[in-house]
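Listed below, chain by chain, are the residues.
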Amino acid sequence: RGLVFLKEADRLQTERFFGLPCTTRTGMPECSGDFLLITERGRFEGARLVTKEYAAEETVVRVVRETPGAEYRVETVYRLDQETGVITRSDALTNQTGEASTIYACLPRLTLQGGQYELYAQASNWSKENQGAWLPLSVGGVTLTNSAGRSTESGTPFACLRQMQTGIAVAIHVRPVGDWIIRVRRVAEGRATHYVLETGLSDQDLHMRIAPGETIDLPELLFLGFEGQVERCGERWQRYLLNRYGLRTLPEMVYNTWFFEFDTLDIPRLQQQVLRAKELGCRVFVVDAGWFGAGEDWSNQVGEWRECTTRAFRGRMREFADFVRSNGMGFGLWMEPERACQGTPVYVEHPDWFLEEDAIVFDLSNPA
């Protein structure tokens with residue numbers, strides 16, 4: 001259900017993926033095999049990753065591959081959830097060289113063949129996602145990734161790949177650990193066309209050092225087959241997650257003033273927000289940017305974490321904090337303690353404490 005493997009000699013490859021045909025014969029290394037590994041010792045894929053162990057049970061498949069000189073070992077485990085049809089893939093990379101090694105790419109791979117494909121993806125920025133769109137893979141490729149170290153900044157770690165002729169589709173989700181990537185490339189080989197999916201830990205500027213004997217667990221991948229529109233997979237995704245993680249107590253739910261009126265800090269309006277936040281069950285009420293510094297332009301006062309007396313609360317923030325607490329919530333303030341602006345007292349007094357890159361930030365390697 002979902003995955004069919006082809007085993008021959010010392011090679012194991014995916015033959016079908018939720019009903020979609022996979023490439024098993026190709027003269028192009030970049031289209032072959034189920035894993036891509038690039039290290040300081042070279043590039044390993046296809047025939048350069050030899051299957052050493054293979055074990056299959058009803059709902060679990062385990063595969064171990066090694067590079068020709070046994071410098072590196074990749075263990076892959078697939079698990080099927082029989083109720084929902086979700087298949088998870090977990091990969092672990094071990095450095096067997098006897099010395100520290102640098103990894104430039106370590107990506108699970110899948111290569112589809114035949115037909116035409118399109119990719120569904122969502123844009124995302126600062127707690128906002130769009131509804132997504134299908135992007136035709138007619139030439140080149142599409143790369144989805146995050147930015148600024150945030151797991152859902154720029155894009156979401158979720159995509160769907162659909163064969164346009166049949167409507168058969170696969171939903172793809174990365175559980176990010178660090179920066180993630182979902183990359184699909186259309187590659188021509190004579191009259192044949194391949195669609196190479198590589199997803200997991202981002203290889204953009206990756207220089208990951210692994211100690212001798214160390215094993216690195218790579219981000220878990222989740223797959224689910226469906227047909228038609230992307231909404232067709234939603235109910236089974238949700239059921240799988242509920243089954244796996246259960247119904248839990250809500251986390252500490254925070255109300256933040258920025259996401260309603262940005263830096264507008266008018267006390268009567270804030271008091272109305274407090275009452276609504278209480279109704280919603282929020283446990284902390286956070287006042288965002290605009291409460292600190294001297295003067296109107298708070299964006300140039302970052303680093304001066306004393307209450308502004310000429311705007312916002314005008315020196316009466318303690319009274320508002322008491323109002324928040326009287327309604328059963330904790331009171332919070334937004335800060336960026338790692339950053340400062342040039343005109344703030346801490347920068348004027350201690351300019352040697354700071355690094356000036358894209359922003360002025362504390363040099364945390366300075367003991368002072």
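Since the structure is predicted, the reported quantities are computational estimates derived from the model, not experimental observations.

Draft legend 1. Spotlight on the nonpolar core. Counting 33 residues, the largest nonpolar core has Phe17, Leu112, Leu119, Leu137, Leu144 and Leu161 as the members making the most contacts within it. In terms of residue count, strand 16 (residues 168-174) provides more of this core than any other element does, 4 residues in total. Setting aside residues no more than four positions away along its own chain, leucine 144 makes contact with Leu119, Ala121, Phe158, Ala159, Trp180, Ile181 and Ile182. Ala277, Phe292, Trp298 and Val302 belong to the second-largest nonpolar core, a separate cluster that totals 24 residues.

Draft legend 2. Spatial organisation of the layout of surface pockets. What the largest pocket holds in volume is close to 210 Å³. As for the largest pocket, its lining consists of Trp126, Arg150, Asn256, Trp258, Phe259, Asp288, Ala289, Trp298, Trp334 and Glu336. Each residue belonging to the lining of the largest pocket can be placed in one class, and the counts come to 6 nonpolar, 1 polar and 3 charged.

Draft legend 3. Representation of the packing of helix 3 (residues 267-280) against helix 4 (residues 317-326) within the structure. Interhelical geometry of helix 3 versus helix 4 gives an angle of 20 degrees and a closest axis separation of 10 Å. Taken together, the axes of helix 3 and helix 4 are roughly parallel relative to one another. Crossing angle aside, the handedness with which helix 3 passes helix 4 is right-handed. Facing helix 3, whose interface residues are Leu270, Gln271, Val274 and Leu275, helix 4 presents Phe320, Phe323 and Val324. Partitioned by chemical class, the residues of the contact of helix 3 with helix 4 number 6 nonpolar, 1 polar and no charged.

Draft legend 4. Layout of the side chain of threonine 67. For threonine 67, the location among the structural elements is in the loop between strand 7 (60-66) and strand 8 (72-80). For threonine 67, the contacting residues outside a window of four places in its chain are Leu37, Phe44, Arg48, Leu49 and Tyr72.

Draft legend 5. Expanded view of helix 4. For helix 4, the full list of buried residues reads Met317, Phe320, Ala321 and Val324. Along helix 4, the residues classed as buried sweep out an arc of 105 degrees about the axis, all on the same side. Across helix 4 from its buried face, at more than 90 degrees, point the exposed residues Arg318 and Ser326. Packing partners of the buried residues in helix 4 comprise helix 3, strand 23 (284-287) and strand 24 (330-333). One or two positions beyond helix 4, positive phi appears at glycine 328, with a value near 85 degrees.

Draft legend 6. The sheet that holds strand 24, seen in detail. Reading across from one edge, 22-23-24 is the order of the 3 strands in this open sheet, with parallel pairing throughout. Of all strands in the sheet, those bounded by a partner on one side alone are strand 22 (254-256) and strand 24. The mean angle between the axes of side-by-side strands here comes to 25 degrees, regardless of whether they run parallel or antiparallel. Pairing of strand 22 with strand 23 involves 3 bridges; the strand directions are parallel.

The rules behind these values
Residues numbered from 1 in each chain as written. Predicted model: local features only at pLDDT ≥ 70, side-chain atom pairs only at ≥ 80, totals over all residues. Heavy atoms only, no water. Core = buried A, V, L, I, M, F, W, Y, C linked by side-chain atoms within 4.5 Å. Buried < 20%, exposed > 50% of the residue type's maximum accessible area, 1.4 Å probe, protein only. Helix = DSSP H or I, 4+ residues; strand = E, 2+ residues; numbered from the N terminus. Contact = heavy atoms within 4.5 Å. 1 Å grid on protein atoms, 1.4 Å probe; cavity = no way out; pocket = protein on both sides within 12 Å on 5 of 7 lines; lining within 4 Å. Points joined across faces, edges and corners; volume = space filled by probe spheres on them. Nonpolar A, V, L, I, M, F, W, Y, C, P; charged D, E, K, R; others polar. Axes fitted to C-alpha atoms, helices over the stretch in contact; angles between N-to-C directions. Parallel < 35°, antiparallel > 145°, perpendicular 65-115°, else oblique. Left-handed = near helix turned anticlockwise from the far one by under 90°. Arc of directions from axis to C-beta. Pairing = 2+ DSSP bridges.

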